[in-house]
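Architecture and fold: a report
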Amino acid sequence: HAGDAEEGHQAAGRPEPGTWSRLALVGGTVSSVLLIGAGAAWASFAFAVEDADEFEITPDLDRLMGGFGYILFFSGLMASSLLVFATALVTLRTGVLPFWLGWLSVAVAVFMLFGAIFLPFFALIGWVVLVSILLLLPERGERPPAVTT
């Protein structure tokens, strides 16, 4: 019975099944929104130049929007570290992805907490590409489907 299983997890002090998957989803969603917002803040002046006759771009406004974009970017990296860390825990607990990827994900998640230096963004991109490739590969021990004509 599903209710009994949930009570057992709560009594043992463990999160209920699917908690880490939901945290990964939330982390990825929040990260996407914040990173897109950072890009929009940084690109806003490129669009404002076209209407420069009607809109005055001051150095203070430029610094303000640049700083706002940076805060959104840094916050987006923090949120994506939640995605990477939750994926690591799911991988290490279930084996749904290779074991080594779980430990690599832990290292990437910790590195992403230092997003102020911009390098963790490249680690995130590399991690996403690597996980995408692994998800596209057939599972270990499973043969690719036969092609029929």
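Scroll up to find the structure this text is about.
Reference entry: report on the structure contained in this document. One numbering rule holds for all chains: residues counted from 1, following each sequence as written. Thresholds applied to this predicted model are a pLDDT of at least 70 for local features of residues and 80 or more for the giving and counting of side-chain atom pairs; totals over whole chains, interfaces and linings are not thresholded and use all residues. With hydrogens and water excluded, all non-hydrogen atoms of the structure serve as input to the side-chain values.

Classification of ring pairs uses Phe, Tyr and Trp, with its six-membered ring standing for Trp, and accepts pairs whose centres are within 6.5 Å; under 30 degrees between planes counts as stacked, over 60 as edge-to-face, and the remaining range as tilted. This model, assessed by the stated rule, comprises 6 aromatic pairs. Ring centres of Trp-42 and Phe-73 lie 5.6 Å apart, and the angle between their planes is 40 degrees; this geometry places the pair in the tilted category. Separated by 31 residues along the polypeptide, Trp-42 in helix H2 (residues 19–48) and Phe-73 in helix H3 (residues 59–94) bring together distant segments of the chain. Relative accessibility thresholds used throughout: buried, under 20% of the residue-type maximum; exposed, over 50%; partly exposed, between the two (1.4 Å probe, protein chains only). Residue Trp-42 is classed as partly exposed on the basis of its relative accessible area of 38%. Between Phe-121 and Phe-122, the ring centres sit 6.0 Å apart and the planes meet at 65 degrees, which makes this aromatic pair edge-to-face. Using a relative accessible area of 25% as the deciding quantity, one classes Phe-121 as partly exposed. One aromatic cluster is present, built from ring pairs that chain together Trp-42, Tyr-70, Phe-73, Phe-118, Phe-121 and Phe-122. The way it works is that DSSP assigns letters per residue, a run of H or I at least four long becomes a helix, a run of E at least two long becomes a strand, and they are numbered from the N terminus.

Turning our eyes to something else, we now look at the pattern of salt bridges. Take a side-chain nitrogen of Lys or Arg and a carboxyl oxygen of Asp or Glu: if they are within 4 Å of each other, that pair is a salt bridge. Counted under the stated rule, the structure contains 1 salt bridge. Two residues, Arg-63 and Asp-60, come together in a salt bridge whose shortest N-O distance is 2.2 Å. With Arg-63 and Asp-60 both in helix H3, this residue pair falls 3 residues apart, about one helical turn. No difference in accessibility class separates Arg-63 from Asp-60, as the two residues are exposed.

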